[in-house]
Amino acid sequence: MIRVGVIGYGYWGPNIVRNLNGLEFARPHMVCDKSSKALARVRKAHPGIQTVSDPAEILCSPEIDAVAVVTPVWTHYELAKRALESGKHVFIEKPFTSNSAQAKELIDLAARKNLTIMVDHTFLFTGSVRKIRELTESGALGELYYYDSLRVNLGLFQHDVSVIWDLAPHDLSIMDYIIKGEPEAVVATGEKHLNGVEDVAYMTIYFPRNVIAHINVNWLSPVKIRTTLIGGQKKMLVWNDLVADEKIRVYDKGVQIASGEGIRDALVSYRTGDMWAPQLEQLEALHVELGYFADCIMNNKTPINDGHAGLRVVQMLEAAETSIQKKGELIRL
Ligand SMILES: NC(=O)c1ccc[n+]([C@@H]2O[C@H](COP(=O)([O-])OP(=O)(O)OC[C@H]3O[C@@H](n4cnc5c(N)ncnc54)[C@H](O)[C@@H]3O)[C@@H](O)[C@H]2O)c1
């Protein structure tokens, strides 16, 4: 049984504690938050769990095997470092750290101490992303052309990070999982309107073999949209994460060019076949992910969302930030 100490019980922390509660091989042992109101909420929802206001109590407890860091991004590095130094495995929220130097240091520290780092790239454990990965891996979509995502809503404004650092990690971690090859370059643009950080941003990522990805993230949208298009040579799919049924629709559509002598002679033919909606696993992603965390610790496995995966996402975010500062300059990775 992996006994977990959870630090941070704001918006996301309750989901971590609730899902840890339902696991066979892990359980929440202690919850820490510096806010007494947050701790009162823990005691109401989970009367059996010990609550503390100082992270040191979790870090020093011999009864705790792993720490979940569910606090704002700027606190991740310090809390994770202290947890690793105390010999605890770490489950840490996305984005892993505020910069790549911090991520590298934590990866080295965990390796030296033979401890596991898992970055909460929750979407990798959804039925939708698992199906998309299956479709790309099996070659059902054919050679990949593009990944195009719209992830917009009104708020929730974060105070310490921009909309790119808040929302883009979801798409970047999904791309890291389904697109073969390391990203080559990033172009990003964005603007600040309200509290000194970008609240609207557009990010383009160039991958090998002409694969291009685009993410539109926005905290100032009147409606919530979570729609991703993925185009391949054989098939294309639309993933609408907000609908209950048929979240993924796969279209047997495509374009073929039979070339003549020059561009003017090219014969373009369009294929429009059937659409189908694959059956998706219905389990809650965090439940699957936290069970996998316990499994990785107990069986000494390297998680798909380990510190290196977290670092790759942070490197793309850093490149996007630099590009935004330079008004959309291409930044090579
Ligand atoms: N994986 C996901 O889909 C997902 C979704 C939402 C948020 N997140 C991530 O979760 C993290 C937390 O986000 P949130 O929206 O819950 O933030 P939040 O501000 O709502 O909650 C953070 C909590 O941490 C507490 N806290 C902060 N510093 C602390 C410290 N040093 N010691 C003890 N308690 C401390 C605060 O009192 C607060 O209750 C962020 O990294 C965010 O990116 C991930």
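From a predicted model like this one, the values you see are computed outputs, not experimental measurements.

### Thoughts on a nonpolar patch on the surface
Then step 1. A cluster of nonpolar side chains, namely Val255, Ile257, Val268 and Tyr270, defines an oily patch on the protein surface of about 430 Å² accessible area.
Then step 2. Elements with a contribution of two residues or more to the nonpolar patch: β13 (248–258) and β14 (267–276).
Then step 3. Mapped onto the elements of the fold, valine 255 is located in strand β13.

### Considering the packing of aromatic side chains
Then step 1. Taken as a whole and assessed by the stated rule, the structure comprises 5 aromatic pairs.
Then step 2. The positively charged end of arginine 133 is found above the aromatic ring belonging to tyrosine 177, 4.5 Å away from the centroid.
Then step 3. Positioned over the ring face of phenylalanine 123 is arginine 151, at 4.9 Å from the centre of the ring.

### Focus: the site of the ligand
Then step 1. Taken together, 21 residues are adjacent to the ligand, and Tyr11, Trp12, Asp33, Lys94 and Thr122 come closest.
Then step 2. Lysine 94 is positioned with one of its backbone polar atoms (N or O) 2.8 Å from an oxygen atom of the ligand.
Then step 3. At 3.3 Å, a side-chain N or O of aspartate 120 approaches a nitrogen atom of the ligand.
Then step 4. Taking 850 Å² as the accessible area of the ligand by itself, protein coverage stands at 82%.
Then step 5. Its residues assigned to classes, the shell around the ligand comprises 9 nonpolar, 7 polar and 5 charged.

### A short note on the packing of helix α7 (residues 163–178) against helix α9 (residues 307–325)
Then step 1. At a minimum axis distance of 9 Å, the contact between α7 and α9 shows a crossing angle of 130°. The orientation of α7 with respect to α9, classified from their angle, is oblique. The hand of the α7/α9 crossing is right-handed. Between α7 and α9, the residues in contact are Ile164, Trp165, Ala168, Pro169, Leu172, Ser173 and Asp176 and Ala309, Arg312, Val313, Val314, Met316, Leu317, Glu318, Ala320, Glu321 and Ile324, respectively.
Then step 2. In terms of residue class, the contact of α7 with α9 is made up of 12 nonpolar, 1 polar and 4 charged.

### Considering unusual backbone geometry
If a residue is not glycine, its phi is most likely negative; likewise, a peptide bond is most likely trans.
Then step 1. At the junction of lysine 94 and proline 95, the peptide bond is cis and its omega measures out at -20° in the coordinates.
Then step 2. With respect to the helices, strands and loops of the structure, proline 95 is situated in the loop between β5 (89–93) and α5 (100–112).
Then step 3. Put simply, glycine 155 and leucine 156 share a cis peptide bond, and its omega is -20°.
Then step 4. Relative to the helices and strands, leucine 156 resides in the loop between β7 (144–154) and α7.
Then step 5. Backbone geometry at asparagine 210 places phi at a positive 65°, although glycine is not the residue there.
Then step 6. At lysine 327, a position not held by glycine, the phi torsion is positive, near 55°.
Then step 7. With respect to the helices and strands, lysine 327 occurs in the loop between α9 and β15 (331–332).

### Focus on the pairing of strand β11 (residues 220–232)
Then step 1. Examined bridge by bridge, β7 and β11 share 9 bridges and lie antiparallel to one another. In the sheet register, leucine 144 faces β11, and the bridge partner there is glycine 232.
Then step 2. As defined by bridge partners, β11 adjoins strand β12 (residues 236–240) across 5 bridges and the pair is classed as antiparallel. Paired with threonine 227 across the bridge in β12 is asparagine 240.

### A few points about the nonpolar core
Then step 1. Core analysis: the biggest nonpolar cluster contains 102 residues, and Ile164, Leu172, Met203 and Ile205 have the highest contact counts within it.
Then step 2. If you tally residues by element for this core, the top one is α7, at 10 residues.
Then step 3. Excluding its chain neighbours within four sequence positions, the residues that come into contact with leucine 172 are Met203, Ile205, Ile215, Val313, Met316 and Leu317.

Conventions we followed
Residues numbered from 1 in each chain as written. Predicted model: local features only at pLDDT ≥ 70, side-chain atom pairs only at ≥ 80, totals over all residues. Heavy atoms only, no water. Patch = residues over 30% accessible without salt bridge, like charges linked within 9 Å, V, L, I, M, F, W, Y side chains within 5 Å. Areas by Shrake-Rupley, 256 points an atom, 1.4 Å probe, with all protein chains shown as cover. Salt bridge = Lys/Arg side-chain N within 4 Å of Asp/Glu carboxyl O. Helix = DSSP H or I, 4+ residues; strand = E, 2+ residues; numbered from the N terminus. Phe/Tyr/Trp six-rings, centres within 6.5 Å; stacked < 30°, edge-to-face > 60°. Lys NZ or Arg CZ within 6 Å of the ring centre and 35° of its normal. Near = heavy atom within 4 Å. Polar contact = N/O pair within 3.5 Å; in protein donor to acceptor, adjacent residues only side chain to side chain. Nonpolar A, V, L, I, M, F, W, Y, C, P; charged D, E, K, R; others polar. Axes fitted to C-alpha atoms, helices over the stretch in contact; angles between N-to-C directions. Parallel < 35°, antiparallel > 145°, perpendicular 65-115°, else oblique. Left-handed = near helix turned anticlockwise from the far one by under 90°. Contact = heavy atoms within 4.5 Å. Pairing = 2+ DSSP bridges. Core = buried A, V, L, I, M, F, W, Y, C linked by side-chain atoms within 4.5 Å. Buried < 20%, exposed > 50% of the residue type's maximum accessible area, 1.4 Å probe, protein only.

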